Amino acid sequence: MNSTGKEKKEKTATGKILSVEGDLRKTIKGLLKKLLKNNTLDAVLVPMKAPETESYAWVLLEDETLLDAADPLPPVMTVQGGRALDSITKQGDVYLKIGALMRPCEIRAAVELYKLNQVKLEHIHLISIDCPGALPLKEYMDNPIKSKENFEKIVQKGDKNEALRPVCQICQHFSLLSSPSTEETKASSSPDTENHSAADLHIGFFGGNGKKLCLTASTSKGKDLLEKLELSQDDSLEYWKAAGEKIRQSALKNRESFNKEWQEKIGGIENFTTALDACINCHNCMRVCPVCYCQQCYFDSKILENSPETYLQRAQERGSLRFPLDTLLFHLGRMSHMVLSCVSCGACEDACPMSVPVSQIFSMVGDQTQKSFQYVPGTDRNVPLPLQSFLKDEFCEVEIPCECDQSLLGKA
Amino acid sequence: MSSDFKPNIVGFLCNWCSYAGADLAGSSKMEVKPYLSVIRVMCSSRINSNLVLTALLWGADGVLIAGCHPGDCHYEQGNYYARRRFALLKKIMETLKLEPDRLQLSWVSASEGKRYAEVVNKFSDEITKMGPNPIHKNPKI
């Protein structure tokens, strides 16, 4: 079964195979249990369904017997995992080894937060899992039982169907086994291969037909976990990669048409304001956003509060003044602050009480801007944030040269 | 569009280069169009996208950011960061088709009074040609 050496990156060439015994979720939980039992991990952070209701939350568990109630594949994303991790380590590193089992977008958010110094990852083991997507929170809450049935079908088939949230249908980072290559995204990456991928360990099941799991480690921490799991069966990753790649290619196609559609739909001031019409300025999107980390948001501050005269003057100049005030400023301002780190997790749209398509707007703009900065958020830990770094010779096209010094800027 | 449109342009000038350049243009009695309201900042990297957006949404027809030439920043690297932020904001405006041409970034050193006059005059002409910022009459903002 062992077939190393075929791939350039030997590290990711093979994975460990595990047969699913009975239930997929149970097998995954079994892995975590083992890691807790043999003290490789001191605690795990996992999603869990509330016992009496249909809602989900994150639970930090030290007792492996409580893991039975956990759900590694929740149908919805109530709280972004990056946020949960942020709450744990904001005040400093933990000295217990915590394994966080999260969706790839949650892991990517955690990595962005790590770069922003909001999450400490030294003792955190990031374990990602093939993500079937998530259902829109509102639709799920309207009919949890039926939604769950639908979701199970999606898990079994692994296709990104229309029941999922729009940003999940275009997601290309649902599996570490088949994420876009750096050549494809033209993204920069650090020479240090250790931290190339966001997660330490990845659990893949797309392609296993519900019978097999494939585990790969991409860091030394991940390798340590894999070793302690004592899985004996090796397998080449090619088959698993191909299975994910098939899903990814169709998502990529969706992404292209999605971008085009949304650019048309919201392009121009009239269309853009129409798309944001329903916004009630509650700032929920900002509060649930994993990468909106500021302790004091500019848009919550007193800085935008003005005297009545100012408002009257503005109303006079414009002819009218709309309240809630400055919704456009809020969205554009927030966008210009965080969109390069946006991982398209969709938490903002789930939280919007007015069903403004925030995540779709941000995802479209995020995709375009990230491409122009050749940046893929939440992948390589060693690639600095675009706004915290620069090259001396770049973006010359945004500077306006002047006739008097054409010779000076001849290169532009 | 009426020909008597007088644009309202906000100019963020860095203290060490562009503001001094503007000063030089003035003391050299160069003709500079009077539509630019100058705000002096210590460095072009002081400019947060919110400042630019607030200007654009609250009444400006255009925003000019001017700082030291790359490599000449008083704080060594400020203008490089400023350029990245500006590039991001411009890309966002471009993606959303929100008239990105109303934003401009230029480098003007303390000795470039002539360049300052040219940059301001050219930008003023462009904005005049574009007409009033449609954002200001949009009742939904």
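These numbers come from a predicted model, not from an experiment. (Residues numbered from 1 in each chain as written. Chains lettered and ligands numbered in written order. Predicted model: local features only at pLDDT ≥ 70, side-chain atom pairs only at ≥ 80, totals over all residues.)

The next point concerns the overall build of chain A. Looking only at helices and strands, chain A features 15 helices and 8 strands. Taking the principal axes of its C-alpha atoms as reference, chain A extends roughly 75 × 60 × 40 Å. Classification of the 412 residues of chain A by burial places 45% in the buried group. For chain A, long-range pairs separated by at least 24 residues make up 74% of all intrachain contacts whose partners lie at least 6 apart in sequence. (Helix = DSSP H or I, 4+ residues; strand = E, 2+ residues; numbered from the N terminus. Buried ≥ 20, exposed ≤ 12 C-beta atoms within 10 Å, placed from the backbone. Contact = placed C-beta atoms within 7 Å.)

Along its length, chain B carries 4 helices and 4 strands. Sequence-ordered secondary structure for chain B, helices as α and strands as β, is β-α-β-α-β-α-β-α. Counting only C-alpha atoms, chain B reaches 40 × 35 × 20 Å along its principal axes. Here chain B, with 141 residues, has 55% of them falling under the buried criterion. If you take every contact in chain B between residues at least 6 apart in sequence, the share linking residues at least 24 apart comes to 80%.

Residues and elements named next belong to chain B. Strand order in the open sheet made by the 4 strands is E2-E1-E3-E4, with parallel pairing throughout. Two strands in the sheet have a free side with no partner beyond their single neighbour: strand E2 (36–41) and strand E4 (103–107). Each strand of the sheet is rotated relative to its neighbour by a mean of 20°, with strand direction disregarded. As paired elements, strand E3 (residues 62–67) and E4 share 5 bridges and run parallel to each other. Of the residues in E4, the one forming a bridge with Val-63 is Leu-103. Sitting on the sheet, helix H3 (residues 78–95) is in contact with E3 and E4, with an inclination near 160° to E4. (Pairing = 2+ DSSP bridges. Axes fitted to C-alpha atoms, helices over the stretch in contact; angles between N-to-C directions.)

Moving on, we get to the pairing of strand E3 (residues 56–61) of chain A. Every other side chain in a regular strand lies on the same face of the sheet, so the side chains alternate between the two faces. Inspection of the sheet shows strand E2 (residues 43–49) of chain A paired to E3(A) by 6 bridges, in the antiparallel sense. Bridged to A:Val44 within E3(A) is A:Leu61.

What follows deals with the interface of chain A and chain B. Listed as interface residues are 40 residues of chain A and, on the opposing side, 40 residues of chain B. With 7 residues, helix H13 (residues 327–338) of chain A is the single largest residue contributor to the side of chain A that touches chain B. When its residues are assigned to classes, the side of chain A that touches chain B shows 19 nonpolar, 12 polar and 9 charged. (Nonpolar A, V, L, I, M, F, W, Y, C, P; charged D, E, K, R; others polar.)

Residue and element names in this part refer to chain A. The terminal C-alpha atoms of helix H1 (residues 24–37), which comprises 14 residues, lie 20 Å apart, in line with the 20 Å expected from a rise of 1.5 Å per residue. Every buried residue of H1 is accounted for by Leu-24, Ile-28, Lys-29, Leu-31, Leu-32, Leu-35 and Leu-36. Taken end-on, H1 shows its buried residues confined to a sector of 145°, consistent with a single buried face. In the stretch just after H1, Asn-39 is the one whose phi turns positive, near 60°. (Expected span 1.5 Å × (residues − 1). Arc of directions from axis to C-beta.)

Residue and element names in this part refer to chain A. For chain A, the domain assignment lists domain 1 (10–257) and domain 2 (270–382). For domain 1 and domain 2, the distance between their C-alpha centres works out to 28 Å. Domain 1 puts 33 residues into the contact, and the matching count from domain 2 is 23 residues. Among the elements of the structure, helix H2 (81–89), helix H3 (104–115) and helix H6 (166–169) are those that each provide at least two residues to the side of domain 1 that touches domain 2. A total of 9 residues in the side of domain 1 that touches domain 2 trace back to one element, the largest contributor, which is H3. (Domains from an automatic or database assignment.)

Two quantities define a packed helix pair, namely the angle between the helix axes and the distance between the axes. Residue and element names in this part refer to chain B. Here helix H1 (residues 18–27) crosses helix H4 (residues 113–130) at 95°, and the two axes come no closer than 7 Å. On the basis of their axis angle, the class for H1 and H4 is roughly perpendicular. Side by side, H1 and H4 meet where Ser-18, Gly-21, Ala-22, Leu-24 and Ala-25 of the first sit next to Gly-113, Arg-115, Tyr-116 and Ala-117 of the second. Each residue belonging to the contact of H1 with H4 can be placed in one class, and the counts come to 5 nonpolar, 3 polar and 1 charged. (Parallel < 35°, antiparallel > 145°, perpendicular 65-115°, else oblique.)

Residue and element names in this part refer to chain B. For H3, spanning 18 residues, the distance from its first C-alpha to its last is 26 Å, which sits close to the expected 26 Å at 1.5 Å a residue. Buried residues dominate H3, accounting for 16 of its 18 residues. Trailing H3 by a residue or two, Lys-97 shows a phi angle of about 55°, which is positive.

With that settled, the discussion passes to the environment of A:Leu126. Position of A:Leu126 relative to the elements: it lies in strand E5 (residues 124–129). The contact partners of A:Leu126, leaving out residues within four places of it in the chain, are A:Ala100, A:Ile107, A:Ala110, A:Ala198, A:Ala199 and A:Asp200.

Now for the sheet that holds strand E1 (residues 14–19) of chain A. In any sheet, the strands associate via hydrogen bonds between backbone groups, in a parallel or an antiparallel arrangement. Residue and element names in this part refer to chain A. Judged by pairing direction, the sheet is mixed, and its 8 strands sit side by side in the order E3-E2-E4-E5-E6-E7-E1-E8 without closing on themselves. What marks the edges here is a single partner per strand, and that holds for E3 and strand E8 (234–236). For this sheet, the mean angle separating the axes of adjacent strands, direction not counted, is 30°.

Turning next to the packing of helix H9 (residues 238–266) of chain A against helix H15 (residues 358–372) of chain A. Residue and element names in this part refer to chain A. At a minimum axis separation of 10 Å, H9 and H15 run at an interaxial angle of 110°. One element, H9, and the other, H15, form an angle in the roughly perpendicular class. Crossing of H9 against H15: the hand is left-handed. Across from Phe-258, Asn-259, Trp-262, Gln-263 and Ile-266 in H9, the residues of H15 making contact are Gln-360, Ile-361, Met-364 and Asp-367. Along the lines of polarity and charge, the residues of the contact of H9 with H15 split into 5 nonpolar, 3 polar and 1 charged. (Left-handed = near helix turned anticlockwise from the far one by under 90°.)

On to unusual backbone geometry. Across the chain, the bulk of peptide bonds are trans and the bulk of non-glycine residues have phi less than zero. That bond from A:Phe323 to A:Pro324 is cis: its omega, 0°, falls within 30 degrees of zero. With respect to the helices, strands and loops of the structure, A:Pro324 is situated in the loop between helix H12 (308–318) and H13. Within the chain, A:Asn281 stands out as a residue other than glycine whose phi angle is a positive 60°. Mapping A:Asn281 onto the fold places it in the loop between helix H10 (269–275) and helix H11 (284–288). Accessibility expressed as a C-beta count within 10 Å gives 14 for A:Asn281, which makes it partly exposed. You will see that B:Glu76, though not glycine, has its phi angle at about 70°, which is positive.

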